[in-house]
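Architecture and fold: a report
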Amino acid sequence: MEIRKLLFVTKFEDLCYDALNSLLILRNAALEHVIFLNVIERDKVAMKRGSGYLKEEEVKLKETANIRFIDWAENLFELGMEVGAYIEVSTLIPEIIKVVKKESPDLIVIGHSHKGVLKQLYAGSDVSELMRRTEVPILVFKHMMDDNIVPEKLFDRPLFATNWSDTCNKTLEYIKRFKNVIGEIHIIHVVKESALKSPNAHEVQKVRKAERKRLEDLCDELEDAGINAKPHVYAGDPQKQIERAAKEYQASMIILGSSEKAAILERWVGSVSKNIADKSIYPCLLIPGKKNI
C-alpha cells in the first residue's frame, strides 16, 4: 500500500504552501494527488445577533481561498500531480468526514497553532473527534519555532511510541509506506512504574528485557521492509517520557496509535495521544484504530 492521495485541510493562517511543500517528499512514497479543503466558519458569514446571512462576505471568503488554491495548484501541476479543492461554509469535522468519504485519501493533514487555547487554529477536541470518526491517519502539522519555520525533513527521524494496543500492527503497516522517505525511526515503549517496583532486581530486569525484545522484533520487521529502526525502553509517565525521548533523539515527528478499546486504553492512547497532539512542539502522526461501525 502507498500514500497516493493527501487531504490538506487549511484555514491559511498557520498552514500555507510552505507546509504543503515540505510534504512533497511523499512523492517518493507514491503521492500523486492533493485535495485542498478550506472550511469557512459559519460565524464569519453570519450577521450580528444571528439574524441573517452575509452572502457578500461568503463570496469574498470563497474567492480569496480559491485564488490561493489556484496558485498552489499551478505549482503542483508543474510537478505532474493531480489537484482537487473544496471550499465550503460549514462545520470543520463534519465537512472533513464528508470529503474523506468522497475522496478516500491515504492521509489527512491539519494544522495547529500555539497561540493559546482560545486562538488555536484547530482545537484538541477537533483532533479527538476526527480520530473517533475516521480510520484515515491524521498528520497534525506544526511549525517547530515561534517564528513559523517549517520543519525540515519531516520524515527523517520519526519516533513511534507503542503501548502494544491492537493498533500496533496497523501502525507498523502504515509506517512501511514511508520506507522511501524515512531516514531512521526510533521505537519506544514506556513501562509503567508499577511494573518496576519489585524488590527483586532480577524481576525488574526481566521486565525490561522482555519489553526490549518485543521492540527489537518490531525493529526487525521494519528493517526487513527497508527502514532503519532503533528500540528504546523508557519508564514513567507516558506523555512525559515520549516527549523526553523525542527530545533526546531529535525526533522530526511523533507517531502514535489509537484504539477502539477506549474504556481500557483511553488513559494511554486517548488522553496521551490527544495531549501530545495538542501540546507537543512536535508534528504528530496519529493512526486511528479500526472502527466497529
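Before going into details, it helps to say that this report is about the structure given with it. (Residues numbered from 1 in each chain as written. Predicted model: local features only at pLDDT ≥ 70, side-chain atom pairs only at ≥ 80, totals over all residues. Heavy atoms only, no water.)

The next thing to look at is the overall build of the protein chain. Secondary structure summary: the protein chain contains eight helices and 10 strands in total. In the protein chain, which comprises 293 residues, the share counted as buried stands at 51%. Within the protein chain, contacts between residues at least 6 apart in sequence are counted, and of these 80% link residues at least 24 apart. Total accessible area on the protein chain is roughly 15000 Å²; 49% of this is exposed by carbon and sulfur atoms. (Helix = DSSP H or I, 4+ residues; strand = E, 2+ residues; numbered from the N terminus. Buried < 20%, exposed > 50% of the residue type's maximum accessible area, 1.4 Å probe, protein only. Contact = heavy atoms within 4.5 Å. Areas by Shrake-Rupley, 256 points an atom, 1.4 Å probe, with all protein chains shown as cover.)

For a regular strand, the rule is simple: side chains alternate between the two faces of the sheet. A large share of strand β1 (residues 5–9) lies buried, amounting to five of its five residues. Side chains Lys5, Leu7 and Val9 of β1 all project onto a buried face; the interleaved residues Leu6 and Phe8 project onto the opposite face, where all are buried too. Note: β1 against strand β2 (residues 33–41), five bridges, orientation parallel. When the sheet's bridge partners are listed, leucine 6 is paired in β2 with valine 34. (Pairing = 2+ DSSP bridges.)

The next subject is the packing of aromatic side chains. Here the structure, examined in full by the defined rule, presents 10 aromatic pairs. Measuring from ring centre to ring centre gives 6.0 Å for phenylalanine 8 and tryptophan 72, while their planes differ by 75°; the resulting arrangement is edge-to-face. Separated by 64 residues along the polypeptide, phenylalanine 8 in strand β1 and tryptophan 72 in helix α2 (residues 55–77) bring together distant segments of the chain. The same class applies to phenylalanine 8 as to tryptophan 72, namely buried. A ring pair is formed by phenylalanine 12 and phenylalanine 69, whose centres lie 5.4 Å apart and whose planes are at 50°; its orientation type is tilted. (Phe/Tyr/Trp six-rings, centres within 6.5 Å; stacked < 30°, edge-to-face > 60°.)

Here we come to the sheet that holds strand β7 (residues 185–191). Judged by pairing direction, the sheet is mixed, and its 10 strands sit side by side in the order β3-β2-β1-β4-β5-β10-β9-β6-β7-β8 without closing on themselves. Edge strands, defined here as strands with exactly one partner in the open sheet, are β3 (82–90) and β8 (229–235). The average angle at which neighbouring strand axes cross in this sheet is 20°, direction not considered. When strand β9 (residues 253–257) meets strand β10 (residues 284–287), the two strands line up parallel, connected through four bridges. Pairing of glycine 257 across the sheet is with isoleucine 287, part of β10. Here α2 sits on the sheet in contact with β1, β2 and β3, set at roughly 165° to β3. Running over the sheet, helix α7 (residues 238–248) touches β6 (158–161), β7, β8 and β9 and is turned about 150° from β7. (Axes fitted to C-alpha atoms, helices over the stretch in contact; angles between N-to-C directions.)

Within the span of helix α5 (residues 168–176), buried status applies to Cys168, Thr171, Leu172, Tyr174 and Ile175. In an axial view of α5, the angular spread of the buried residues amounts to 165°, which keeps them on one side of the axis. (Arc of directions from axis to C-beta.)

On to the pattern of salt bridges, then. Should the charged atoms of two oppositely charged side chains come close, the side chains can pair. Scanning the model with the defined rule gives 15 salt bridges in all. Among the salt bridges present, the one from lysine 5 reaches glutamate 103, with a minimum N-O distance of 3.1 Å. Of this pair, lysine 5 sits in strand β1 while glutamate 103 sits in helix α3 (residues 92–103), placing them 98 residues apart in sequence. With relative accessibility at 16%, the residue lysine 5 sits in the buried group. The class for glutamate 103 is buried, based on a relative accessible area of 17%. For the salt bridge of glutamate 95 with lysine 98, the shortest nitrogen-to-oxygen distance reads 3.6 Å. (Salt bridge = Lys/Arg side-chain N within 4 Å of Asp/Glu carboxyl O.)

One non-glycine residue, serine 104, lies in positive phi territory at about 50°. Counting through the fold element by element, serine 104 comes out in the loop between α3 and β4 (107–111). For tryptophan 164, which is not glycine, the phi dihedral falls at a positive 65°. Tracing the sequence through the fold places tryptophan 164 in the loop between β6 and α5.

Just geometry here; none of it tells us what the structure is for.
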